[in-house]
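The chain contents come next:
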Amino acid sequence: MKAHRPLFAFLALAIGVRLSAQPLVVAANPVLADIVRQVAGTTVRVETLLPPDTLSREFEPTDETAQKLGDAALFVVNGADYEPWLEQFLKVSRYKGALLGASEGVALYDQAGTLHQPDAEETGKNLFEVTDFDPFAWHDPRNVVTYAESIARAIGGLVPTEQQKDIDANLANFSKSLLEAHKDAHARLAAIPAAKRRLVTSFDTFRYFAVAYGFQVNPIPGLGSGNPRPAAMERLLALITQLRAPAVFLDSAANARSLQMITTETGAKTCTTLVAEGLGPTGSYLGMFKANVNAIVEALK
């Protein structure tokens, strides 16, 4: 089945959003909120829609969350079906402001691993289409440069003209930092021997990271926060042994007994500090990305 590229257009100009000294921008998740802050600086106010430690696929909008859009001039989402609740949420909130899909312009992988280039001719046509895309493009900092550029253009339509130079400067500095982080990560991760370049993990969010830095992702479903049944645990241990995995990367809520069993039975280290969907303890995108790189290097060295 052909996957249709979900393309987003920010609608500020079409709707005629009133310029204000400090318009409110609501971002769907903490990653997007930090990118907005890095680009916009003090030109806008920024709020995050999803509560801390909430996965987008598990988010259930409430009247309280709907009210967050009440005064927003711009709502920034990721797109690529990262927000399956988006259409209903906009109806409930009666939001009429500008909407931006930040993954607009990014080449996206589908779940089969095929890369789809953005199609400018379809811009704005498939805003709420259910897709087969992997939405976690931000795990490659080069994609975040594109996110930041799209956000900068959208915010430029909301603030006074004289503030555009601040946004341009912020964008340039942030983009430079992103590319430097990518270059440093590439150098550090390239030093890991080929035989160890596996991300054996319970996460399903690291495809873009793996492609960017030459890793193979081996999913091990069933090791979340619960306690796997003995038969399931036995299969998982056999898989880890078969892969000769030096380390296994799991959610921080993974069962402590399961972690100990993995180490005892397979000799693999267990790492529970990777951040898949939020910002983690650093509170920033760049901090999160660098911490993830550090964790992988330490686990696989």
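Being a predicted model, the structure only gives us computed values, none of them experimental. What you see as residue numbers is a count from 1 along each chain, following the sequence as written. Residues qualify for local features only when their pLDDT is at least 70, as the model is predicted, and side-chain atom pairs are given and counted only at 80 or more; totals for whole chains, interfaces and linings, by contrast, use all residues. Working from all heavy atoms in the structure, the side-chain values ignore hydrogens and water.

1. Regarding the packing of aromatic side chains
Just so we agree on the cut-off: Centres within 6.5 Å make a pair out of two Phe, Tyr or Trp rings, where for Trp the six-membered ring is used; the pair is then stacked when the planes are under 30 degrees apart, edge-to-face when over 60, and tilted otherwise. A run of DSSP states H or I qualifies as a helix once it reaches four residues; a run of E qualifies as a strand once it reaches two. Both are numbered from the N-terminal end. Only protein chains enter the calculation, and the probe is 1.4 Å; a residue is then buried if its accessible area is under 20% of its type maximum, exposed if over 50%, and partly exposed in between.
Using the criterion set out here, one finds 16 aromatic pairs in the structure. For the ring pair phenylalanine 59 and phenylalanine 89, a centre distance of 6.5 Å and an interplane angle of 70° mean the geometry is edge-to-face. Within this pair, whereas phenylalanine 59 is found in the loop between β2 (45-48) and α3 (63-67), its partner phenylalanine 89 is found in helix α4 (residues 86-93), the two being separated by 30 residues in sequence. In terms of burial, phenylalanine 59 and phenylalanine 89 fall into one category: buried. Judged by centre distance (5.8 Å) and plane angle (65°), the ring pair of phenylalanine 203 and phenylalanine 206 falls under edge-to-face. When sorted by exposure, phenylalanine 203 lands in the same class as phenylalanine 206, which is buried. Through a chain of ring-to-ring contacts, the aromatic side chains of Phe203, Phe206, Phe209, Tyr213, Phe215, Tyr285 and Phe289 assemble into a single cluster.

2. So, the environment of valine 106
Looking at the element boundaries, valine 106 is found in the loop between β4 (98-101) and β5 (108-109). You can call valine 106 buried: its relative accessible area is 1%.

3. Observations concerning the side chain of glutamate 83
Rules: Identification of polar contacts relies on pairs of N or O atoms within 3.5 Å, with a donor-acceptor requirement for protein atoms, meaning one able to donate a hydrogen and the other able to accept it, and with residues adjacent in sequence counted only if both atoms are side-chain atoms. When checking whether two residues touch, look at their non-hydrogen atoms; a contact exists if any pair is within 4.5 Å.
Mapped onto the elements, glutamate 83 comes out in the loop between β3 (72-77) and α4. Among the polar contacts listed, one links the side chain of glutamate 83 to the backbone nitrogen of glycine 79, at a separation of 3.1 Å. If we ignore the near neighbours within four places in the chain, the residues touching glutamate 83 are Ala28, Leu32, Ser56, Val77 and Asn78.

4. Things to note about the sheet that holds β2
Applied cut-off: The pairing criterion is simple: DSSP has to find at least two bridges between the two strands. A fitted line through C-alpha atoms serves as each axis, taken over the contacting stretch for helices, and the angle formed by two N-to-C directions is quoted from 0 to 180°.
Taken in spatial order, the four strands of this open sheet run β2-β1-β3-β4, and their pairing is parallel. Two strands lie at the open edges of the sheet, namely β2 and β4, each paired on one side alone. Strand-to-strand twist across the sheet, computed as the mean angle between neighbouring axes with direction ignored, equals 20°. In the sheet, β3 pairs with β4 via four bridges, with the strands oriented parallel. Following the sheet pairing, valine 76 is matched in β4 by leucine 100.

5. Quick look at helix α6 (residues 164-190)
Note the following rule: To estimate how far a helix should extend, the number of its residues minus one is multiplied by 1.5 Å.
Compared with the 39 Å implied by 1.5 Å per residue over 27 residues, the 39 Å span of α6 between its first and last C-alpha is a close match. For α6, every residue scored as buried is listed here: Ile167, Leu171, Phe174, Ser175, Leu178, Ala181, His182, Ala185 and Leu189. Buried positions along α6 lie against α2 (30-40), α5 (141-156), α7 (207-213) and α10 (285-300).

6. Overview of the packing of α2 against α5
Worth spelling out the cut-off: Each crossing gets its hand from how the near helix is turned against the far one by less than a right angle, where anticlockwise is left-handed and clockwise is right-handed. Ten residues, namely Ala, Val, Leu, Ile, Met, Phe, Trp, Tyr, Cys and Pro, are considered nonpolar, four, namely Asp, Glu, Lys and Arg, are considered charged, and the remaining ones, Gly among them, are considered polar.
For the pair α2 and α5, the least separation of the axes is 9 Å and the interaxial angle reads 60°. Read as a crossing pair, α2 and α5 show a hand that is right-handed. Along its contact with α2, which presents Leu32, Ile35, Val36, Val39 and Ala40, the element α5 presents Val144, Tyr147, Ala148, Ile151, Ala152 and Ile155. In terms of residue class, the contact of α2 with α5 is made up of eleven nonpolar, no polar and no charged.

7. Brief notes about the sheet that holds strand β9 (residues 247-249)
What the four strands build is an open sheet, ordered β8-β7-β9-β10; its pairing is parallel. Every other strand in the sheet has two partners, leaving β8 (216-219) and β10 (269-271) as the edge strands with one partner each. Between one strand axis and the next, the sheet turns through 30° on average, direction left out of account. Pairing of β9 with β10, which is carried by three bridges, proceeds in the parallel orientation. Across the sheet, the residue bridging to alanine 247 is lysine 269, located in β10.

8. Quick notes on the pattern of salt bridges
What counts here: Whenever Lys or Arg places a side-chain nitrogen within 4 Å of a carboxyl oxygen from Asp or Glu, that contact is recorded as a salt bridge.
Going through the model one piece at a time under the given rule, you end up with three salt bridges. With its nearest N and O atoms 2.9 Å apart, the salt bridge here joins arginine 142 to aspartate 140. Classification of arginine 142 as partly exposed rests on a relative accessible area of 38%. For aspartate 140, a relative accessible area of 7% corresponds to the buried category. Between lysine 301 and glutamate 298 there is a salt bridge; the shortest N-O distance is 2.9 Å. By relative accessible area, which is 42% here, glutamate 298 ends up partly exposed.

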